[in-house]
Amino acid sequence: MTGGRLGKALLASSFLFLIQVTESARAEDDTTPETYGVATLKLPAPPHRFITANGFGTSTFTVFDGDTGKMEGNISAGYVPNFGESPDGSHFYVSETYWVHGTRGARQDMVTVYDAKTLSAEKEIPIPSRALVNQLHNFGLSLSGHRGYVYAMQPASSVIWLDLKNQTAGGTIDLPGCSMIYPVGDEGFTSLCGDGSLATVLVSDQGKVTMTHSKPFFDANRDPIFDDSISDTASGKAFFVSFTGLVYETKLGATPVIEKPWSIQQAAGLPVAGTGVKELTWRPGGHQLVAYHKASGKLFVIMHMGNYWTQDAGGSEIWVLDTKKHSLVSRFPLWAVPTSGAIVKDKPVYYRNLQVSQDQHPVIFLLNTEGNDMVLDATTGKLLRKIEAASGGAAYVSGM
Amino acid sequence: MRAQTLPLRILQALTVLFAAVPVAMAHNATGAMSPAQANFVLHCGGCHGVDGTTNAEAVPDLKHQVGYFLNFPEGRAYLSRLPNVAFSTLTDQELADALNYMVFVIGEGSVPQGAKPYQAAEVASLRRTPLTGAPLRAYRAGLVERLIRDYGAAETLRLYGRDNYGVGSADRR
């Protein structure tokens, strides 16, 4: 070894030594140095794990541990994407769109299949292009997870169905006058229609499609149903919530059974809310404004004080309702979040998205676009933790 | 599903996607819009574009071609029996006026000679039987083939609805 080389080697090792000294000094300061690597997610998912959609336009989906507040993983997605988790928890699905040069060039639409442990992309299933709509029920999975559904507006309504066993697209189903996807077992899906009915579409394994309409049960011009209403694919139980606050419990199936509606406000001892543009009362509002805890039959609804046609406003309270007794269990007041001024000047921004975990000690995940994600005890409403992340898009949990 | 939430979000989405479309196109020379044009822009323009063109494969182009549908009664009825049209919150008169703006202004050059404007009573009757049962895209495709074969309509009407289960073509927006 020449002198020069020896010098370089010594220099290099002294750098190493320096780093080692620094690191041990840090350790003594109680700071644990982090190394990089590829982590894997737990399977099955812990009950308080939640996944948020972030941003508008191009998005990411971020995995959080609700018990520690730690971010566990991140999925990069294309324009106005939608998300689904397979019932066995083994895969995530993202329906998404890309242009090869960002906002121009060839357009590519696909459903990307991710391994839920490693978050590596396993497969891209090409689908036709469609207008992109930022709605929760744009994407649905069947009970077994063998079928997937992508709502497509072109602007005639249709649904692209996927054979997820073989990871291929099955075809496109016309859905004139109806939209959104509430999966029905393994057979098909139900949609909300502009004439106030439900359309139920059954798809055979050979791709044969039959569509039936229920009798109209709501007036889409006077008191529409929130498209972010909620359904549980396993039991077929759905809760369609109207802008005034009527809850239509429905048993989804080949012939859906729609119960007589009950009023959220009446459940709380208030008069049934009407459609007056000057009628100030508590009203449901937001984006992902309803969550359902299956085991207890509790419904969680984001509520605000407002006139009719304020259904997009975020809420300042969560109301917990007993869906069997049609009664109010609790009201959880929320915290006003100061805004950066970009959206509503001088007004606090409230909460537009919530989700609830499905375990015996459930927590609520609450999002707003300005501040933090929040984790609340779903029984007491107590704030358990804040997570610094401006998510705002939507929150997903396993089992719903 | 109505009106107040979904189209707003669609509009937001489209604002992002089609941000390159000049907004000024929506205005006439004086900068003011007629109520019919305003209703077209608010109720139709989100998907179809304020001047009637966006992505011809995903959304039918209306510019210089929507008027062809007035060549026969079924085509004329089709335009106001489309669920998105029939279920609109506009009154019959407003809807007739918006349809006339769409056909005669946006569709300029494709309207058959002597075609009469839509009347409120006609629209009222047609929108009572929306096309919710038919396989809609196939139904349109049938009308389009008749228009091209029998009435010399532009072949670009065929662009819409070509399912692309695969990588997109270079000019898809």
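Residues numbered from 1 in each chain as written. Chains lettered and ligands numbered in written order. Predicted model: local features only at pLDDT ≥ 70, side-chain atom pairs only at ≥ 80, totals over all residues. Heavy atoms only, no water.

Caption draft 1: Representation of the state of the cysteines. Residue and element names in this part refer to chain B. Applying the stated criterion across every chain yields a total of 1 disulfide over all chains. Of the cysteine sulfurs around Cys44, a residue in no disulfide, the closest is that of Cys47, at 9.4 Å. The partly exposed category is assigned to Cys44, whose relative accessible area is 23%. (Disulfide = S-S within 2.5 Å. Buried < 20%, exposed > 50% of the residue type's maximum accessible area, 1.4 Å probe, protein only.)

Caption draft 2: Representation of helix 6 (residues 92-106) of chain B. Residues and elements named next belong to chain B. Helix length check: helix 6, at 15 residues, gives a terminal C-alpha distance of 20 Å against a target of 21 Å (1.5 Å per residue), a fit within 8%. All buried positions along helix 6 are accounted for by Leu95, Ala96, Ala98, Leu99, Asn100, Tyr101, Met102, Val103 and Ile106. Against the buried residues of helix 6 lie helix 2 (35-43), helix 4 (73-81), helix 5 (83-86) and helix 7 (120-126). (Helix = DSSP H or I, 4+ residues; strand = E, 2+ residues; numbered from the N terminus. Expected span 1.5 Å × (residues − 1). Contact = heavy atoms within 4.5 Å.)

Caption draft 3: A look at the sheet that holds strand 27 (residues 373-377) of chain A. All names here are of chain A. The strand order 25-26-27-28 describes an open sheet built from 4 strands, whose pairing is antiparallel. The open sheet has two free edges, formed respectively by strand 25 (353-356) and strand 28 (383-387), since each of these has just one partner strand. Along the sheet, successive strands turn relative to each other by an average axial angle of 20°, direction set aside. (Pairing = 2+ DSSP bridges. Axes fitted to C-alpha atoms, helices over the stretch in contact; angles between N-to-C directions.)

Caption draft 4: A look at the confidence of the model for chain B. Residues and elements named next belong to chain B. Looking at chain B, pLDDT values average 83 and 76% of them are 70 or higher. Note that residues 1-27 has pLDDT below 50 and, in this model, 64 contacts with residues that lie over four places away or in other chains. For residues 166-173, every residue scores under 50 in pLDDT, and the model assigns this stretch 26 contacts once sequence neighbours within four places are set aside. Confidence estimates for the predicted assembly give a pTM of 0.85 and an ipTM of 0.79. (pLDDT = per-residue confidence, 0-100.)

Caption draft 5: Examining the packing of helix 2 of chain B against helix 6 of chain B more closely. Residue and element names in this part refer to chain B. At a minimum axis distance of 8 Å, the contact between helix 2 and helix 6 shows a crossing angle of 85°. Here helix 2 is positioned roughly perpendicular relative to helix 6, judged by the angle of their axes. Residues Ala36, Gln37, Asn39 and Phe40 of helix 2 lie in contact with helix 6, whose contacting residues are Glu94, Asp97, Ala98, Tyr101, Met102 and Ile106. Classifying every residue of the contact of helix 2 with helix 6 by side-chain character gives 6 nonpolar, 2 polar and 2 charged. (Parallel < 35°, antiparallel > 145°, perpendicular 65-115°, else oblique. Nonpolar A, V, L, I, M, F, W, Y, C, P; charged D, E, K, R; others polar.)

Caption draft 6: The sheet that holds strand 12 (residues 188-193) of chain A, seen in detail. Residues and elements named next belong to chain A. In spatial order, the strands read 11-12-13-14; together these 4 strands make up an open sheet with antiparallel pairing. Of all strands in the sheet, those with a lone pairing partner are strand 11 (178-184) and strand 14 (209-213), marking the two edges. Adjacent strand axes in the sheet meet at a mean angle of 25°, parallel and antiparallel pairs treated alike. Pairing of strand 13 (residues 198-203) with strand 14 involves 5 bridges; the strand directions are antiparallel. Counterpart to Val203 in the pairing with strand 14 is Val209.

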